Amino acid sequence: MASSTDPSPLSPDAPCPCGRGPRYADCCGRYHAGPLHLLAPDPESLMRSRYSAFVLDLRDYLMATWHPDHRPDAIGPPEAGLRWLGLEVKSVRLNGPDAGEVSFVARSKLDGRAHRLVERSAFVREGGRWLYTRALDAA
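Counting from 1, residues in each chain are numbered in the order their sequence is written. The model is predicted, so local features are restricted to residues of pLDDT at least 70 and side-chain atom pairs to those at 80 or more, both for listing and for counting; the totals for chains, interfaces and linings are taken over all residues. No hydrogens and no water enter the side-chain calculation; it runs on all heavy atoms of the structure.

### Examining the confidence of the model for the protein chain
A low pLDDT means the predicted coordinates there should not be read in detail.
Item 1. pLDDT expresses, on a scale from 0 to 100, how confident the predictor is about each individual residue. Averaged over the protein chain, the pLDDT score is 92; the fraction of residues at 70 or greater is 92%.
Item 2. Whether two residues are in contact is decided by their heavy atoms: any pair within 4.5 Å suffices. In this model, residues 1-6 is a region of pLDDT below 50 whose contacts with residues beyond four sequence positions or in other chains number seven contacts.

In C-alpha cells:
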C-alpha cells in the first residue's frame, strides 16, 4: 500500500485515472495529497478520487473517505492482475447541502474477463468533508 507521504506511483503529469482531468496532479491527485488532501468539493469529485485511489491502490485514502458508520475494518490488496479500464459517471444528484448520490460504471479486467461495476453511491458531508457512505443499488 502506498504511504501518505508518497501517495501515488503515478506521475503528476500523467492523465488522471478518473478520466475527468488531463493531469493527475490537477485532478484527483490534489485530493490524494497536498493542501486539498481529503477535501474533494462535491460528491462527484470524491467518487472520482476514490475510483483513482482504487486504480492506484491508495487504501489509506479510501478508508479516510469512507464514513465510519459504514467503513469496513480494512481493505485488502487488489487481486493480482486486476486492471481498471475506465470510469463513466452517469448522474449526480444533490439531496440537500450535505447529501448526494453519484451513479457510475467502473470497468475492469481480471484474468482476461471484462467486468463492470454499476453502482449508485451515497455521500454525506460532515465537518466540511464529503464522505462515501454506501452503495444504494445498481445504477
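### Side note on the pattern of salt bridges
Item 1. Salt bridges, as used here, are contacts in which a Lys or Arg side-chain nitrogen is within 4 Å of a carboxyl oxygen on Asp or Glu. Per the counting criterion, the structure on display carries 10 salt bridges.
Item 2. Between D57 and R59 there is a salt bridge; the shortest N-O distance is 2.7 Å. Like D57, the residue R59 is buried in the burial classification.
Item 3. When the shortest N-O distance is used, the salt bridge between E88 and K90 registers 3.1 Å.
Item 4. One salt-bridge network, in which partners are shared between bridges, spans R93, E101, R120 and D137. Note on exposure labels: buried denotes an accessible area under 20% of the residue type's maximum, exposed denotes more than 50%, and partly exposed covers the range between, all computed with a 1.4 Å probe on protein chains only.

### Considerations on the sheet that holds strand β2 (residues 99-110)
The strands making up a sheet are joined through hydrogen bonds of the backbone, oriented either antiparallel or parallel.
Item 1. In this analysis, strands are considered paired if DSSP registers two or more bridges between them. Strands are runs of DSSP state E lasting at least two residues, helices are runs of H or I lasting at least four, and both sets are numbered from the N terminus onward. Taken together, four strands build an open sheet; the order of strands is β1-β2-β3-β4 and the sheet is antiparallel. With one partner strand each, in any of the chains shown, β1 (83-94) and β4 (129-137) form the two edges of the open sheet. Each adjacent strand pair in this sheet contributes to an overall mean axis angle of 30°, direction not counted.
Item 2. One ladder, built from 12 bridges, connects β2 with strand β3 (residues 113-126); its direction is antiparallel. Counterpart to S103 in the pairing with β3 is R120.
Item 3. Only the stretch in contact is used when fitting a helix axis, every axis being a line fitted to C-alpha atoms; angles between N-to-C directions are given from 0 to 180 degrees. On the sheet, helix α2 (residues 43-56) packs against β1, β2, β3 and β4 and is oriented at approximately 165° with respect to β1.

### Side note on the nonpolar core
Item 1. Ranked by internal contacts, the top residues of the largest apolar core, which has 27 residues, are C18, M47, Y61, L87 and F123.
Item 2. Those elements that provide at least two residues to this core are α2, α3 (59-64), β1, β2 and β4.
Item 3. It is α2 that provides the largest number of residues to this core, a total of five residues. To form a nonpolar core, buried Ala, Val, Leu, Ile, Met, Phe, Trp, Tyr and Cys residues must be joined to one another through side-chain atoms within 4.5 Å.

### Digging into the side chain of S45
Item 1. Mapped onto the secondary structure, S45 falls in helix α2.
Item 2. Setting aside its immediate chain neighbours within four residues, S45 contacts R20, Y31 and A40.

### As for the environment of W130
Item 1. The topology assignment puts W130 in strand β4.
Item 2. The class for W130 is buried, based on a relative accessible area of 4%.
Item 3. For this analysis, a polar contact is any N or O atom pair within 3.5 Å, provided that within protein one partner can donate a hydrogen and the other can accept it, and provided that sequence-adjacent residues contribute only side-chain to side-chain pairs. Side-chain polar atoms of W130 contact the backbone oxygen of P41, separated by 3.2 Å.

### Topic: the state of the cysteines
Covalent bonding between the sulfur atoms of two cysteines is what defines a disulfide.
Item 1. When the sulfur atoms of two cysteines come within 2.5 Å, that pair is taken as a disulfide. One pass over the structure, following the stated rule, counts zero disulfides.
Item 2. Cysteine C18 remains unbridged, with the sulfur of C27 as its closest cysteine sulfur at 3.6 Å.

### A look at the packing of aromatic side chains
Item 1. The criterion for an aromatic pair is that two Phe, Tyr or Trp rings (for Trp, the six-membered ring) have centres within 6.5 Å, with stacked assigned to planes under 30 degrees apart, edge-to-face to planes over 60 apart and tilted to the rest. Across all of its chains, the model carries four aromatic pairs by this definition.
Item 2. For the pair Y51 and W84, a centre-to-centre distance of 5.7 Å together with 80° between the ring planes defines the contact as edge-to-face. Of the two residues, Y51 sits in helix α2 while W84 sits in strand β1, which places them 33 residues apart along the sequence.
Item 3. What makes Y51 buried here is its relative accessible area of 5%.
Item 4. Seen from their ring centres, F123 and Y132 are 5.7 Å apart, and the 65° between their planes marks the pair as edge-to-face. As far as burial versus exposure is concerned, F123 and Y132 are alike and both buried.
Item 5. Linked through ring pairs, Y51, F54 and W84 together constitute an aromatic cluster.
Item 6. For a Lys NZ or an Arg CZ to count as sitting over a ring, it must be within 6 Å of the ring centre and within 35 degrees of the ring normal. Its end group placed over the ring of W66, R50 keeps NZ or CZ at 5.0 Å from the ring centre.

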